[in-house]
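Descriptive structure summary
Here is what each chain is made of, one letter per residue.
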Amino acid sequence: MSLVERDLQVIWHPYTQMKTAQPPIPIVRGEGTCLYAEDGKKYIDAISSWWVNIHGHSHPYIAKKIAEQLLQLEHAIFAGFTHPGAVELAERLLAILPSNQAKAFYSDNGSTAVEVAIKMCLQYWHNKGEQRTKIIAFKNAYHGDTFGAMSVSGRSAFTAAFDSLLFEVEFIDLPNANNIEALKSQISGLKSQISSFIFEPLVQGSAGMIMYEARYLDELMAHCRTEGVLLIADEVFTGFGRTGKAFACNHVETQPDIMCFSKGLTGGTMAFGLTTCTQDIYDAFLSDDKMKTLFHGHSYTANPVACAAALASLDLFLEASTQQNIDRIVAKHAAFAKKVKGHRSLKATRQTGTILALEWETGNNTSYFSCLRDKLYHYFLNAGIILRPLGNIIYILPPYCITDHELDYIYATIEQALNEI
Ligand SMILES: *Cc1c(COP(=O)(O)O)cnc(C)c1O
């Protein structure tokens, strides 16, 4: 039996409509920007393998650091114990995060980083004896697939089977020049019940790379701060250079109370989650009273191998050449967006940092819309490019090591698709 046949016997893939799905493509090797299939076909990973990869696949430096760590200490319980990697990673990350971030809490992935953030906020008020149990989130938000993370995400086809079980959240519009004052009044009206406001800063990834302006986010954040509403910046996707700066929160003045990280944290090498918070939040749990404890901890919390991967990825991230690469991608994306702007097949183009999104024109033809996504997906796969459209929106967010030549090939293929599809 081939690998694909064996897969179809035993594997349940995520986000896959099983009856109509195409068989998966077997990938056997990764190097730099590319993934190599069993049959030798090469794919440019233009979406960084679901947004996680920032330095390219099977990076030898990260691999070496992981191998060394595995021989030194593979794992140790993190309740009542510590190890050098966990401490060094927290020290080095807190040093480059907004200056109010003071403590690091490790978990396993982006969804758990969000769960931890939500629990910190809800229990913060509980510990202070205040009845603030509601959360504000943006419409169409995506914060993960576990129940708390789903609850603070927009209701959609993804959540439909569970909607009645999700806790109630106050969903607000993305801020802009026209609605910012109304949003602020809305928050002021609710403030006494609101524990926190969770948001994806600057870019709503899963919603379709929806982008909004930093200055209105900043205004909203500042307003929440004056109303005592805690700010949770979910940087699971935007962290580590995606928006052009190290963190999306570097685009605003107001500092969040809590930040969530995963995806790029280990350079895309392995699962890991991190939630950071201020001293003030930490202090609300610092007590002789056992009931004030944050009773949350995953078996693999602060796994030393994951810490080693994150430290190695951070070394690479802080090299001057990485920021140069990010700047290069930003400039090339902008030039391409300018070139295709106004194309009859395009409804809109938008860019934040290394993320470029192109929205295909669909007119009013809904049957066309439903098959467009698959058409685009396979068009690019045939050309050896992994682009995974969200409906009629295609987006490029490559590993930062992508070459100009590879980018030009992706742009040229997109132009061809614009003319043909
Ligand atoms: C992907 C994502 C998550 C969930 O992360 P997982 O590691 O997939 O659980 C949470 N928030 C945002 C903004 C994301 O893009």
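Residues numbered from 1 in each chain as written. Predicted model: local features only at pLDDT ≥ 70, side-chain atom pairs only at ≥ 80, totals over all residues. Heavy atoms only, no water.

What follows is about the nonpolar core. Residues Phe197, Phe199, Met209, Phe240, Phe380 and Ile414 are the most contacted members of the largest nonpolar core, which totals 92 residues. Excluding its chain neighbours within four sequence positions, the residues that come into contact with Phe240 are Ile54, Leu93, Ala246, Phe247, Phe261, Gly264, Leu265, Leu314, Phe317 and Tyr400. With 26 residues, the next largest nonpolar core counts Ala113, Ala149, Val169 and Cys277 among its residues. (Core = buried A, V, L, I, M, F, W, Y, C linked by side-chain atoms within 4.5 Å. Buried < 20%, exposed > 50% of the residue type's maximum accessible area, 1.4 Å probe, protein only. Contact = heavy atoms within 4.5 Å.)

Further remarks concern the UniProt feature "binding site: pyridoxal 5'-phosphate" (unreviewed entry) in the protein chain. In this structure's numbering, the residues bearing the UniProt feature "binding site: pyridoxal 5'-phosphate" (unreviewed entry) are Gly110, Ser111, Asp234, His298 and Ser299. With a sequence span of 190 residues, these residues are also far apart in the fold, their greatest C-alpha distance being 22.9 Å. Tracing the sequence through the fold places Asp234 in strand E10 (residues 230-234). Taking relative accessible area as the criterion, Asp234 reaches 5% and is therefore assigned buried. For Asp234, the contacting residues outside a window of four places in its chain are Val114, Tyr142, His143, Phe199, Glu200, Pro201 and Cys260. Here His298 shows up in the loop between helix H9 (279-283) and helix H10 (304-317). Overall, His298 belongs to the partly exposed group, its relative accessible area being 25%. When neighbours within four sequence positions are excluded, His298 is seen to be in contact with Ser107, Asp108 and Thr112. In this structure the side chain of His298 is engaged in a polar contact, spanning 2.9 Å, whose partner is the side chain of His296. (UniProt positions renumbered as here; feature names shortened; annotations may be inferred. Helix = DSSP H or I, 4+ residues; strand = E, 2+ residues; numbered from the N terminus. Polar contact = N/O pair within 3.5 Å; in protein donor to acceptor, adjacent residues only side chain to side chain.)

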